[in-house]
Amino acid sequence: MTKIEQEDHEKKGRFVIYENDVFAGEMTYTWAGKTKFIIDHTMVDGKFGGKGFGKLLVMKSVEFAQQNDLKILPLCPFAKKIFDRDKDIQHLLFQ
């Protein structure tokens, strides 16, 4: 079973993905004020590669942004690629 948990520590946070309770990867972010956050890094452990976990992490941050009226700056190249390809989430971008 795959699950994603969020950890937020005021200035920084992360979304962590687990497969059968085993750490599989994370996407880290930094707050840029109260209404914006920057996706810094997305990483999936090699043994979990090819399962779409990186995209799941980015989309979890999109869900979080939508639910909380937030904007996102994807500095992480992987996250930026997701945003570049999906026109439906580009309204969440901030410059």
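The coordinates are above.
Quick caveat, the model's predicted, so the values are computed rather than measured. (Residues numbered from 1 in each chain as written. Predicted model: local features only at pLDDT ≥ 70, side-chain atom pairs only at ≥ 80, totals over all residues. Heavy atoms only, no water.)

(A) A look at unusual backbone geometry. Phi is positive for glutamate 10, close to 70°, though the residue is something other than glycine. Residue classification places glutamate 10 among the exposed positions, given a relative accessible area of 72%. Positive phi is not limited to glycine here, since asparagine 20 has a value of about 50°. (Buried < 20%, exposed > 50% of the residue type's maximum accessible area, 1.4 Å probe, protein only.)

(B) The sheet that holds strand β3 (residues 22-31), seen in detail. Pairing in this open sheet of five strands is mixed, and the strands run β1-β2-β3-β4-β5 from one edge to the other. In this open sheet, the two edge strands, each paired with only one partner strand, are β1 (2-9) and β5 (71-74). Averaged over all adjacent pairs, the angle separating strand axes in this sheet is 25°, with direction ignored. Sheet topology note: the β3/strand β4 (residues 36-44) ladder contains seven bridges and is antiparallel. Its bridge partner being in β4, methionine 27 is matched across the sheet by threonine 42. Of the strands in this sheet, β1, β2 (12-19), β3, β4 and β5 touch helix α1 (residues 53-67), which is tilted by about 160° from β4. (Pairing = 2+ DSSP bridges. Helix = DSSP H or I, 4+ residues; strand = E, 2+ residues; numbered from the N terminus. Axes fitted to C-alpha atoms, helices over the stretch in contact; angles between N-to-C directions. Contact = heavy atoms within 4.5 Å.)

(C) Representation of the nonpolar core within the structure. Among the nonpolar cores identified, the biggest contains 23 residues, and Met27, Phe37, Ile39, Ile72 and Phe83 are the most heavily contacted of them. Where this core is concerned, the elements lending two or more residues are β2, β3, β4, α1 and α2 (77-85). Considering each element in turn, this core owes the most residues, six residues, to α1. What isoleucine 72 contacts, discounting residues up to four positions off in sequence, is Phe37, Ile39, Ser61, Val62, Ala65, Phe83, Leu92, Leu93 and Phe94. (Core = buried A, V, L, I, M, F, W, Y, C linked by side-chain atoms within 4.5 Å.)

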